[in-house]
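# Structural overview for review
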Amino acid sequence: MDRDAHPAVYASGSSLKRKGFQDLEGADTFKSLKDKKIRADDQEGMAKKTAVKALAAAYAEDYRRVAIPDDRPFVGALPKVLRKPQIATPADTARQTAIVCKTVTRLIETATQGVHIIFAHDAKPSKAARQILDVATDESTSKGAPVIVSLALDWMQTVPLVEAPKRPETTKRLLFYIGTPGKYLSMCIQSVRGRFDQAYKDDRLVVLCKGVCMLPLGTQEENIYGVDEDVILQTIASAAQKKGKVFWGHGAGTKASLMQKSYGYPLAEPMPKPLAFSGDAGGSVNSFDYFVEYVKYTNLVKQAKPALPVTNWYDTGLLVSVMQGRVAQAGVSLLTDQDGLSMLRDASIGHIISKLNQMIAVEPFSTSKGVYNFFIGDGACRLNGGVELTMHLMEGYKAQCMTTLFIFNNHKWAIEDNLVAETEKEHVLYNADFYDLISEHGHVAVCENDLELRETIAYLSKKTDLYLQGKAPPGISMVVVRGLDVEMPPVLGDISPILKSSEMAFMREVLGKFAEGCQHKIPIYGCSAFEYIQYLHIFMEQMPEGKMFQYVCGRTDIQAAHMCGFTQPEGKCVLFINDVYGINSIGESLRAVLSGFGGKQLLVMIWHPSVVQLMDHFHLHRPPMVWPSLGPELCKYYVRKESDALFVEFEGRSNAQHVTSKVTEALGAGTPLVCVNVLPEQERDYVSLDIRVKAC
């Protein structure tokens, strides 16, 4: 945190004091900070700040939308865009499973460089996974072994660790990943994506998820849907053991400890001492270091109390993601659980607030001793009513666990702004007065600088220690962290393909016609905008047609969908949504638009991500290797006759002229609902080349 950017611990003349917690004696926990200061970053501190910026830049780069040329060929495995449900019959499943089993058996038998099987955490309940892990030996090094098994990095985040286990080097082996990868999760935990990418390029990658498998077929990787994952995993385990002795990949003598932490109850270690910080803050210590120390402390508490639930949950957002990256770089486990991993794979903003509600309201979670921490940004927190819910739970529930909600209060949505090189006024969060008011609550601490942050972290560790001794009561605490921000250059890339794209030409023509003759600017409503923010920003800022529109960002996707159904200044508006989140609550607005005898007109544009890298098969908000496209089908349920709506699929350059003509004609005729599904590049104007594989 910038030592000059924040007021003194107690600002003279201010009607609201910056407060820490009230400790067990009723005193302010910040009372001892008056004589301490924050030193400027030294060389080590500057190096840590650079590392933080690199993490933030990598995070933003993962969200950048790339304009892919219309004539680019797509080969190999591709995510399946589902316009309608496709559920395999038992006969289909048997046939497709047989193909996969036959193929993986052959791959294992012919793998001259050996086999490496990695088990993700969601494979843990599998009996076949447990069986092959049990037979693996760790008596010697796994180097040169015919078969290596190891636990995935996501599994490591669910067991208490303060030092990262060894990762086996298997750059040439046939690589099996059993479980569900996640694009966002892999970024947060610093997973080695390069191994996946190289194995994919070499046609030696097999990814087995529930109901779907990616594997080499012939000369390229393919996805096969509707498979029986249990049968396939049993086949993999059997073929691997026939190939030779199975070795544990995390180093000699390490198996017992990791397996006990995963499946049993290891021996308790000594209880750690509470955290304590002395002297001035700053210097070689970065703000994120205090969170690393706190997460490390929770790991040590779990090691000392193996039977005690000690869990951390992390939401989606820039600062929380950077925090997780710094924890992972330190070799410390995030100490989350299966729900925590699922939420990180889904990158569902505000999701952990629902988990907080469950832990406090549902027995036996609420009636049992436990230590729980939740980390979230202020934008994500307000999406799910986090602060109001926390106050509700404080007042209305008497849970027996010790729970802390950390809120990073930097007043903005950081990532989307870095994709367009400036702060969008719609993304600024005006909430300073709100948090100032709740700071008067005794269970709320507002940290304006590193001194207050580290004092709060130390106090929480002491309170945890006393709570576990029965000397402090359970309850909920809230920590608002201010002044913690990350400066980084915008992740723009080359915007010329966007300027020249068929999407931009379509937007200019259609939206320009839509706004003709209007006295007021037409609203464009939206919220989760990663799929279209760069197109929208360039349209609004650089195109003359954009001056006839006003972008209104809902605080949630639900709110954006609600607003498009209301009476508009000119009786018309536009809704930009993605293919998953954006459809939330659109039904209410469609009923409003399509009721009565006219007067409303809505243009809906549905956007999708692009396939740019292998991990896009495991994209946030979507099932593995499948991209549902629910929007158009959902909208059709609210339409009674064809003249009331137009549904079209935009396929880029190949049908841009036809679709543009159809949409402008419908809008000009006053059609109440026009829905444009902007298909991802791999779904546009393609010819699918047939690949046939014998099942037996």
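Presented here is a report on the structure given in the accompanying data block. (Residues numbered from 1 in each chain as written. Predicted model: local features only at pLDDT ≥ 70, side-chain atom pairs only at ≥ 80, totals over all residues. Heavy atoms only, no water.)

## Regarding the packing of helix H3 (residues 127–135) against helix H7 (residues 229–243)
Just so we agree on the cut-off: To define axes, lines are fitted to C-alpha atoms, for helices over the stretch in contact only, and angles between the resulting N-to-C directions are given on a 0 to 180 degree scale. Runs of H or I in DSSP of at least four residues are treated as helices and runs of E of at least two as strands, each being numbered from the N terminus. Each angle receives one of four descriptions, namely roughly parallel if under 35 degrees, roughly antiparallel if over 145, roughly perpendicular if within 65 to 115, and oblique otherwise. Throughout, a crossing is termed right-handed when the near helix is turned clockwise from the far one, and left-handed when it is turned anticlockwise from it by less than a right angle. Residue contacts are defined here by distance: any two heavy atoms, one from each residue, within 4.5 Å place the two residues in contact. Following the grouping adopted for this structure description, the nonpolar residues are Ala, Val, Leu, Ile, Met, Phe, Trp, Tyr, Cys and Pro, the charged ones are Asp, Glu, Lys and Arg, and the polar ones are all others, Gly among them.
At a minimum axis separation of 9 Å, H3 and H7 run at an interaxial angle of 20°. In this view, H3 runs roughly parallel relative to H7, as classed from their interaxial angle. Handedness of the H3/H7 crossing: left-handed. Facing H3, whose interface residues are Ala128, Ala129, Gln131, Ile132 and Val135, H7 presents Leu233, Gln234, Ala237, Ala240 and Gln241. Considered class by class, the residues forming the contact of H3 with H7 number 7 nonpolar, 3 polar and no charged.

## Let's talk about unusual backbone geometry
What counts here: A simple rule labels every residue: compare its accessible area, found with a 1.4 Å probe on the protein chains alone, to the largest value its type can have, and call it buried under 20%, exposed over 50%, or partly exposed in between.
Note the cis peptide between Glu363 and Pro364, where omega equals 5°. Assignment of secondary structure puts Pro364 in the loop between helix H12 (351–361) and strand E12 (371–377). Backbone geometry places Gln190, a non-glycine residue, at a positive phi of 60°. With respect to the element layout, Gln190 can be found in the loop between helix H5 (183–188) and helix H6 (193–201). Since its relative accessible area comes to 29%, Gln190 is described here as partly exposed. With a phi angle near 55°, Leu335 is a residue other than glycine that sits in the positive phi range. Of note, Leu335 is situated in the loop between helix H10 (318–329) and helix H11 (338–346).

## Description of the environment of Leu344
Inspection of the secondary structure assignment puts Leu344 in helix H11. Taking C-alpha positions, Leu344 is 7.4 Å from Tyr314, a pair spaced 30 residues apart along the chain. For Leu344, the residues in contact, after removing those within four places along its chain, are Tyr184, Leu185, Tyr314, Asp315, Gln324 and Leu334.

## A look at the pairing of strand E16 (residues 522–526)
Our working definition: Between any two strands, at least two bridges found by DSSP are needed for them to pair. When the strands point away from the viewer, a crossover counts as right-handed if the route from the first strand across the helix to the second turns clockwise.
Buried residues dominate E16, accounting for 5 of its 5 residues. Burial along E16 is two-sided: Ile522, Ile524 and Gly526 and Pro523 and Tyr525, pointing in opposite directions, are all buried. By the bridge criterion, 5 bridges tie E16 to strand E17 (residues 549–553) in an arrangement that is parallel. Among the inter-strand pairings, Ile524 is bridged to a residue of E17, identified as Tyr551. Between the parallel elements E16 and E17, the chain passes through helix H20 (residues 533–542) in a crossover that is right-handed. Relative to strand E18 (residues 572–578), E16 runs parallel, the two sharing 2 bridges. When the bridges of E18 are listed, Tyr525 appears paired with Leu575.

## Some words on H12
For clarity, the cut-off: This arc is taken over the directions from the axis of the helix to the C-beta atoms.
When H12 is considered as a whole, its buried residues turn out to be Ile352, Ile353, Lys355, Leu356, Met359 and Ile360. For H12, the angular spread of buried residues about the axis comes to 155°, placing them on one side.

## Re the side chain of Gln601
Formally: Under the rule applied, a polar contact is a pair of N or O atoms within 3.5 Å (in protein, one hydrogen donor and one hydrogen acceptor; residues adjacent in sequence only if both atoms are side-chain atoms).
Locating Gln601 in the fold gives a position in strand E19 (residues 601–607). Given the relative accessible area of 8%, Gln601 is considered buried. In terms of polar contacts, Gln601 uses its side chain to reach the backbone carbonyl oxygen of Thr671, at 3.0 Å. When sequence neighbours within four positions are dropped, the list of residues in contact with Gln601 reads Phe514, Gly571, Lys572, Cys573, Ala666, Leu667, Gly670, Thr671 and Pro672.

## With respect to the packing of helix H19 (residues 502–514) against helix H24 (residues 656–668)
The N-to-C vectors of H19 and H24 enclose an angle of 15°; their axes lie 9 Å apart at closest approach. Relative to H24, H19 is oriented roughly parallel. As H19 runs across H24, the sense of the crossing is right-handed. Within the contact between the two elements, H19 uses Phe506, Glu509, Val510, Lys513 and Phe514 and H24 uses Val659, Thr660, Val663, Thr664 and Leu667. Looking at side-chain class alone, the contact of H19 with H24 contains 6 nonpolar, 2 polar and 2 charged residues.

## A look at the pattern of salt bridges
Keep this limit in mind: By salt bridge we mean one thing: a side-chain nitrogen of Lys or Arg within 4 Å of a carboxyl oxygen of Asp or Glu.
Applying the stated rule across the entire model yields 21 salt bridges. Note that Arg345 is salt-bridged to Asp154, the shortest N-O span being 3.9 Å. Of this pair, Arg345 sits in helix H11 while Asp154 sits in helix H4 (residues 153–156), and the two are 191 residues apart along the sequence. By the burial criterion, Arg345 is buried, and Asp154 matches it. The partner of Asp339 in a salt bridge is Lys355, with the nearest N and O atoms 2.6 Å apart. Of the two residues, Asp339 is situated in helix H11 and Lys355 in helix H12; the sequence distance between them amounts to 16 residues. When its relative accessible area of 34% is taken as the criterion, Asp339 is described as partly exposed. A residue is classified by how much of its surface remains accessible, and Lys355, at 8% relative accessible area, is buried. Connected through shared salt-bridge partners, Glu44, Lys48 and Asp289 make up one network.

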